[in-house]
Amino acid sequence: MAVTEKRRRLTAWLEGKGIEIGALHRPLEVPDGVRVTYVDHLPEDELRAHYPELAGEPLAPVEVLGSAEDLSAIGDSTQDFVIANHLLEHLEDPIRGLSEFHRVLRPGGVLYMALPDQRQTFDRDRELTTVEHLVDEHRTGCEKNRWSHYLDWARNVDKQGAGSEAHARRLMEQGYSIHFHVWRPDTFLDFYVAARREAGLDFELVSFAGPEREDDDEFILVLVKGTQAVRPPPRSPCAEPAAPTPPATPSLRSRVRGALVRAVRRGSPAQA
Ligand SMILES: C[S@@+](CC[C@H](N)C(=O)[O-])C[C@H]1O[C@@H](n2cnc3c(N)ncnc32)[C@H](O)[C@@H]1O
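This section reports on the structure supplied with the text. Just so you know, these numbers come straight off a predicted model, no measurement behind them. (Residues numbered from 1 in each chain as written. Predicted model: local features only at pLDDT ≥ 70, side-chain atom pairs only at ≥ 80, totals over all residues.)

1. Digging into the packing of helix H4 (residues 131-140) against helix H7 (residues 185-199)
- Across the interface, H4 lies against H7 with an axial gap of 10 Å and an inter-helix angle of 30°. On the basis of the axis angle, H4 is roughly parallel to H7. The handedness of the crossing between H4 and H7 is right-handed. Across the interface between the two elements, Val 131, Leu 134, Val 135 and His 138 from H4 touch Asp 190, Phe 191, Ala 194 and Glu 198 from H7.
- Residues of the contact of H4 with H7, tallied by class, amount to 5 nonpolar, 1 polar and 2 charged. (Axes fitted to C-alpha atoms, helices over the stretch in contact; angles between N-to-C directions. Helix = DSSP H or I, 4+ residues; strand = E, 2+ residues; numbered from the N terminus. Parallel < 35°, antiparallel > 145°, perpendicular 65-115°, else oblique. Left-handed = near helix turned anticlockwise from the far one by under 90°. Contact = placed C-beta atoms within 7 Å. Nonpolar A, V, L, I, M, F, W, Y, C, P; charged D, E, K, R; others polar.)

If you want it as C-alpha cells, here you go:
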C-alpha cells in the first residue's frame, strides 16, 4: 500500500536507538539493527479501553509511560531518533511536544513525524488551526480553549448535532484523545517555522513527503537536530532499486513549495 511504502522509504534516515511515541497498532517498521523503545501516555490496558475499535489487533508494547509534552523519564540528548506518527495533532500544546523531542534528541538526531492531512480524514469539515492560535496557547496555556476543541470535535467529527454539548462534555471528562489541532501540509510548514522560532529549536527539515495518491491521508517530515552541517540523504534500506516516487499533484506540490518559500522569506510567521 502506498502509505506504507512512503513511510518505509523515509525510515532510511533512522539509525541507532531511539523512541517511538504513540505507536499503538501501527509501530513504524524500522531498518534492521535499529532499536526502538515504545512510549505512550497510557498503559496497554487503558489503550485497549480507549480504542475499543482495535480489539483483536496487536499493540506495540508500552515500555515507557509518559506524555509527549513531558518526557521527563528520558534524559537530554540521549536519543538517536524520535518517531511521532499521528501524534502531534493529539497534543494540546504541540510546540511543547516539539521542544521535548528536541531536548531528548542528540545533536544530529532525527525526528520522524507523520501527520494526517485535514482534507483526507474525518477532520475535513473542521477549520484549519492557525499559527497564532498555537503560539498563543503555548504562551498562555491550553485550558481556556479545551472546551471549544471538544465541542468542535463533537459537532464536526462525531456529528452529534443537537447532542454535541453533552457529547463533548463526556469526551472531555473522559480525557478522550481527540485531534486538538488540524493541519494540511502547507499550514503545518507555516506552524513548524513559527514553532522553531518561538521555542528556539535547532531543527532542519531534511525530507518532506506529501500525500502521493488519492488514498494517502498523511504527510511526513524528517527533521534533524542541528543545522550546522549538511547531512546527505541516506542510502535506501531496500535491496532493490528504489521505485520512482509517484508525483504529487502539481497543485499540492506547488502549494507545499510555496509555503516553504513564504515561510523562509518571512522568517517569523508568529504574529502573537
Ligand atoms: C492515533 S494514535 C497513532 C497510532 C500510530 N502511531 C499511527 O501512526 O497510526 C495516537 C497515539 O498517541 C498516543 N498519545 C496521545 N496523546 C499522547 C500524549 N500526550 N503523549 C503520549 N502519547 C500520546 C495515543 O495513546 C495513541 O497511542
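2. Re the sheet that holds strand S5 (residues 105-116)
- Strand order across the open sheet formed by 7 strands is S3-S2-S1-S4-S5-S7-S6, with mixed pairing between neighbours. Looking along the sheet, the strands with just one partner apiece sit at the ends: strand S3 (64-65) and strand S6 (203-209).
- In the sheet, strand S2 (residues 35-40) pairs with S3 via 2 bridges, with the strands oriented parallel. For Asp 40, the partnering residue across the bridge sits in S3 and is Leu 65. (Pairing = 2+ DSSP bridges.)

3. Description of the site of the ligand
- By nearness alone, 19 residues border the ligand, and Gly 22, Leu 24, His 41, Ala 68 and Asn 85 come closest of all.
- When the residues that make up the shell around the ligand are grouped by side-chain class, the tally is 9 nonpolar, 7 polar and 3 charged. (Near = placed C-beta within 6 Å.)

4. So, H7
- With 15 residues, H7 ought to run about 21 Å at 1.5 Å a step, and its terminal C-alpha atoms sit 21 Å apart, in line with that.
- Among the 15 residues that make up H7, 12 are buried, leaving the element largely enclosed by the rest of the structure.
- When we look at burial in H7, the residues that qualify are Pro 185, Asp 186, Phe 188, Leu 189, Asp 190, Phe 191, Tyr 192, Val 193, Ala 194, Ala 195, Arg 196 and Glu 198.
- At the C-terminal side of H7, Gly 200 shows a positive phi close to 65°. (Expected span 1.5 Å × (residues − 1). Buried ≥ 20, exposed ≤ 12 C-beta atoms within 10 Å, placed from the backbone.)

5. What to know about unusual backbone geometry
- One non-glycine residue, His 86, lies in the positive phi region at around 50°.
- If you trace the backbone, His 86 turns up in the loop between strand S4 (79-85) and helix H3 (94-104).
- For His 86, a count of 18 C-beta atoms within 10 Å translates into the label partly exposed.
- Even without a glycine there, the phi angle at Lys 159 is positive, about 50°.
- Relative to the helices and strands, Lys 159 resides in the loop between helix H5 (143-156) and helix H6 (164-174).

6. Some details on the packing of H5 against H6
- Taken N-terminus to C-terminus, the directions of H5 and H6 make an angle of 120°; their axes are 8 Å apart at the nearest point. Relative to H6, the element H5 lies oblique. As for the relative orientation of H5 and H6, their crossing is right-handed in sense. For the pair H5 and H6, the contacting residues are Arg 146, Trp 147, Tyr 150, Leu 151, Trp 153, Ala 154 and Arg 155 in the first and Ser 164, Glu 165, His 167, Ala 168, Leu 171 and Met 172 in the second.
- Per-class residue counts for the contact of H5 with H6 are 8 nonpolar, 2 polar and 3 charged.

7. Details of the environment of Leu 47
- The residue Leu 47 is located in helix H2 (residues 44-50) in this model.
- Note: C-alpha distance between Leu 47 and Leu 24 (23 residues apart in sequence) is 7.9 Å.
- In this structure, Leu 47 is in contact with Leu 24, Asp 40, Leu 42 and Leu 59, ignoring residues within four places of it in sequence.

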